[in-house]
Amino acid sequence: MAISPRVLPPRKRRPSPSPSPTSADLNLMNSLLSLSQEISALKPLQCVLIGKSHSTINKSKLLAIVFEELLRDPVSNAFSPSSSTLLCFEEMYIVLQRMKTLIEDCSNGSKMWLLMQIPHLANSFHELTLELSTLLDIFPLQEFDPSPDVEELVGLLRRQCTKTKPSVDPRDDFLRRDVLALLDLIKKEIVPDHLKLKQIVENLGLRDNSCCVEEMESLQSEIRNQIDEKSNSEIVSLIGLVRYARCVLFGFGSSTAEKPDHRRRKSLSDLTVPVDFRCPISLELMRDPVVVASGQTYDRKSINQWFESGHNTCPKTGQTLAHTNIIPNRTLRNLIIMWCRQQRVPFETVGSNEKVNGVKASFEATKMTVSFLVNKLSVSPSMEAANAVVYELRALAKMDSDSRACIAEAGAIPILVRHLASDVGSEHPNLQVNAVTTFLNLSILEANKTRIMEIDGALNGVIEVLRSGATWEAKGNAAATIFSLSGVHEYRKRLGTTTPVIKGLMDLAKDGPTNSKRDALLTILNLAGDRETVGRLVEGGVVELVTGVINQLPEEAVAILEAVVKRGGSAAVTASHNSIKKLSVILREGSNTARESAAATLVAICRKGGSEVVAELAMVPSMERIIWEVMGTGTTRARQKAATLLRAIRRWTAGLGTNEVVDN
């Protein structure tokens, strides 16, 4: 079975809202009355554990009556409790608080996960009832002058607690077994009966699309509350089951498809991830950030793939690396984890991801869901219906490698291509955005890069969106897709020699909003790793473009200038109006990364341009002081480049020429 029939470990418990009171700070009986009334006001659990929760709440109602009657008695006003009575009341307060916490936790959690924990939870209700029974047996009625009604109520409570049995409601047990049987069928690649599936999910209160979405979000929250990896994997299987049930039984909510950014709770795909937390290669949130020899940080998986494909350069700066050793960036990783917690989104480590993705039932549920969606898309009667399906594929492709592989293997790419067209974008812009973003998410998987490059019309469709997409979001995501595809050396050269790609990126970097500009510039930087592409970029006016946006996006702009200079474009950079002044401003005011690239670029153009360039640099006000600051506070490479610049300026000042502008 996908989920073992053993008693599952409890999830992390939240602390009780308040400690048990003592006679020194609260009147015990008033506190017990208040707490029992709070429990009495709770609603019984819905769908599962109905009897257990109802019984617990009823007992609390009787206790509330008992304490209320005792407090009305004049004897209680002169009540001086013995030490044994105090202990009894304090222990009873703790038991009642645990009852309240148990019911609230069960009410606020996932229904599916609650069902899977039925044996453990039923036992928890039973144990609390036994503890209450023990306290009722020693309840100090003899210290009061109780009425016959109160004595009868206490006796009734004792009898009810004594009769309790550690049993699971047969209905709950049958429902749990049905869910386990469904997961077994899915694990064996057998499509479950839809009528049976509908009966099960409706018995759990999942009666429409929004209920299923909320249940999946609750299950995601449960993953963060678990203390062992096996439970995490089991929950992922349940998420796959609910997602499949939602698709085949309830279709897709129009608001989800049309307004993907307005869901009730946050998921990673709905958030704007800080740039520093994204891997420059995959554009995804980094799970395992590492630092390479250039000082740049990448996700471990992405940079390893980069090195394995034969590269020995830094993807962001284009600089040749002295070595390919990587160092974990633990500080950044801790910051990312803190950000994820603040945003209430899951942070999965590489190891846990592999375990989760290995769950057979979850994988097969994903395959079935994808198959259903792709079949639905192929026969969609309207663009509105297609939009809803494509949005679901977009969300699935965002999740993990298994989902990306399943979508591509199910034949989704050729069907998605037709939704990239300009006529689709003009009439249904959301559909075009969802389609191109699905391509972006799919391209993260290396095998899918090949599919997109080779399947007829796929690459041209993405380029068409880049050139003439209906929205900036669509164009930006098309640029990001080109960036992802260019991670493969062979494809980078091919893309860099495709004129519409260059033109589309240049237009987007020039006219788009900041996020789209950044996507375009990062893609241009990636393509600039090839000398032939640099020539095309220079012909297209990349130097003028980059110097025009250097104040807005300095790191990306200066990195492009460095790549251009390094691969034969130094003359264009030197000839560009005010390029040296703008680079000197970055050298003075930019981030460490930008200052490093600016220093390297200036060294390169001084070497190529000779005395005239050095003279222009030397005439910049306070240039030597700026260089000294970089030598004192910059990165190791920036300090080396700054020292080279200083020697060049001093040689020019002394009239010795610039023939020895050579790095340390």
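Since this is a predicted model, take the numbers as computed values, not measurements.

1. Brief notes about the overall build of the protein chain
- Helices and strands together make up the secondary structure of the protein chain, namely 35 helices and three strands.
- Partitioning the contacts of the protein chain with sequence separation of at least 6, the portion at a separation of at least 24 is 73%.
- Only carbon and sulfur atoms are counted for the fraction: they give 51% of the accessible area of the protein chain, which is about 28,700 Å².

2. Things to note about the sheet that holds strand S2 (residues 297-299)
- Read from one edge of the open sheet, three strands run S2-S1-S3, paired in antiparallel fashion. One side of each edge strand has no neighbouring strand; the edge strands of this open sheet are S2 and strand S3 (327-328).
- Inspection of the sheet shows strand S1 (residues 289-291) paired to S3 by two bridges, in the antiparallel sense. Counted as the bridge partner of Val291 is Ile327 from S3.

3. Quick look at helix H22 (residues 446-454)
- Buried within H22 are the following residues: Asn448, Lys449, Ile452 and Met453. The buried side chains of H22 occupy one side of the element, clustering within an arc of 140 degrees when seen end-on.
- As for H22, its buried residues are in contact with helix H18 (401-409), helix H19 (412-417), helix H21 (429-442), helix H23 (458-468), helix H24 (472-485) and helix H25 (489-496).

4. With respect to the pattern of salt bridges
- The tally for this structure, following the rule as stated, stands at 19 salt bridges.
- Among the ionic pairs, Glu532 bridges to Lys493, the shortest N-O distance being 3.7 Å. Here Glu532 is found in helix H28 (residues 531-539), whereas its partner Lys493 is found in helix H25, with 39 residues between them in sequence.
- Members of the salt-bridge network, linked through shared partners, are Lys493, Asp530 and Glu532.

5. Regarding the confidence of the model for the protein chain
- Here the protein chain shows a mean pLDDT of 83. Residues at 70 or above account for 87%.
- Across residues 22-26 the pLDDT falls below 50, and counting only partners more than four positions away or on other chains, this stretch makes five contacts in the model.
- Here residues 254-270 is a poorly scored stretch, pLDDT under 50, and it has 36 contacts once near neighbours within four places are set aside; other chains count.

6. Describing the nonpolar core
- In terms of nonpolar packing, the biggest core is built from 97 residues, with Phe439, Val542 and Leu587 touching the most fellow members.
- Looking at this core, the element that brings in the most residues is helix H30 (residues 554-575), giving nine residues.
- In contact with Phe439, other than residues within four places in its own chain, are Ile413, Leu416, Val417, Leu420, Ile452, Ala458, Val462 and Thr481.

7. Let's talk about unusual backbone geometry
- Phi at Leu49 is positive, roughly 55 degrees, even though this residue is not glycine.
- Relative to the assigned elements, Leu49 resides in the loop between helix H1 (28-40) and helix H2 (50-72).
- One non-glycine residue, Glu189, lies in the positive phi region at around 65 degrees.
- Residue position: Glu189 is located in the loop between helix H8 (170-187) and helix H9 (194-203).

8. Focus on the environment of Gln640
- The residue Gln640 is located in helix H35 (residues 636-653) in this model.
- We classify Gln640 as partly exposed; its relative accessible area is 38%.
- In this structure the C-alpha to C-alpha distance between Gln640 and Ala599, which are 41 residues apart in sequence, comes to 8.9 Å.

9. What about the packing of aromatic side chains?
- Going through the model one piece at a time under the given rule, you end up with four aromatic pairs.
- With 6.0 Å between their ring centres and 55 degrees between their planes, Phe67 and Phe139 make a pair best called tilted. Within this pair, whereas Phe67 is found in helix H2, its partner Phe139 is found in the loop between helix H6 (118-137) and helix H7 (148-163), the two being separated by 72 residues in sequence. Each member of the pair Phe67 and Phe139 is classed as buried.

10. Re the side chain of Thr437
- Among the secondary structure elements, Thr437 is positioned in helix H21.
- Polar contacts involving the side chain of Thr437 include one to the main-chain carbonyl oxygen of Val433, which spans 2.6 Å.

11. Quick notes on helix H29 (residues 542-549)
- By the criterion of burial, H29 is predominantly enclosed, with six of the eight residues buried.
- Listing the buried residues of H29 in full gives Val542, Val543, Leu545, Val546, Thr547 and Val549.
- On its buried face, H29 is in contact with helix H26 (499-511), helix H27 (514-527), H28, H30 and helix H31 (579-589).

12. What about the environment of Ala458?
- As for its position among the elements, Ala458 is in helix H23.
- What makes Ala458 buried here is its relative accessible area of 0%.
- For the pair Ala458 and Leu420, spaced 38 residues apart in sequence, the C-alpha to C-alpha distance is 8.9 Å.
- Residues in contact with Ala458, not counting those within four places in the same chain, are Ile413, Val417, Leu420, Phe439 and Ile452.

13. Comments concerning the packing of helix H16 (residues 360-378) against H18
- Contact geometry for H16 and H18: axes closest at 9 Å, N-to-C directions at 35 degrees. Considering only the axes of H16 and H18, their crossing is right-handed. Residues Phe363, Thr366, Lys367 and Val370 of H16 pack against Asp402, Ser403, Cys406 and Ile407 of H18.
- By residue class, the composition of the contact of H16 with H18 is four nonpolar, two polar and two charged.

14. Regarding the packing of H8 against H9
- Between H8 and H9, whose axes approach to 11 Å, the crossing angle comes to 135 degrees. Of the possible angle classes, the one that applies to H8 and H9 is oblique. Crossing angle aside, the handedness with which H8 passes H9 is left-handed. Along its contact with H8, which presents Arg171, Leu175, Asp178, Val179 and Leu182, the element H9 presents Lys196, Leu197, Ile200 and Asn203.
- Here the residues of the contact of H8 with H9 sort into five nonpolar, one polar and three charged.

Reading the values: the criteria
Residues numbered from 1 in each chain as written. Predicted model: local features only at pLDDT ≥ 70, side-chain atom pairs only at ≥ 80, totals over all residues. Heavy atoms only, no water. Helix = DSSP H or I, 4+ residues; strand = E, 2+ residues; numbered from the N terminus. Contact = heavy atoms within 4.5 Å. Areas by Shrake-Rupley, 256 points an atom, 1.4 Å probe, with all protein chains shown as cover. Pairing = 2+ DSSP bridges. Buried < 20%, exposed > 50% of the residue type's maximum accessible area, 1.4 Å probe, protein only. Arc of directions from axis to C-beta. Salt bridge = Lys/Arg side-chain N within 4 Å of Asp/Glu carboxyl O. pLDDT = per-residue confidence, 0-100. Core = buried A, V, L, I, M, F, W, Y, C linked by side-chain atoms within 4.5 Å. Phe/Tyr/Trp six-rings, centres within 6.5 Å; stacked < 30°, edge-to-face > 60°. Polar contact = N/O pair within 3.5 Å; in protein donor to acceptor, adjacent residues only side chain to side chain. Axes fitted to C-alpha atoms, helices over the stretch in contact; angles between N-to-C directions. Left-handed = near helix turned anticlockwise from the far one by under 90°. Nonpolar A, V, L, I, M, F, W, Y, C, P; charged D, E, K, R; others polar. Parallel < 35°, antiparallel > 145°, perpendicular 65-115°, else oblique.

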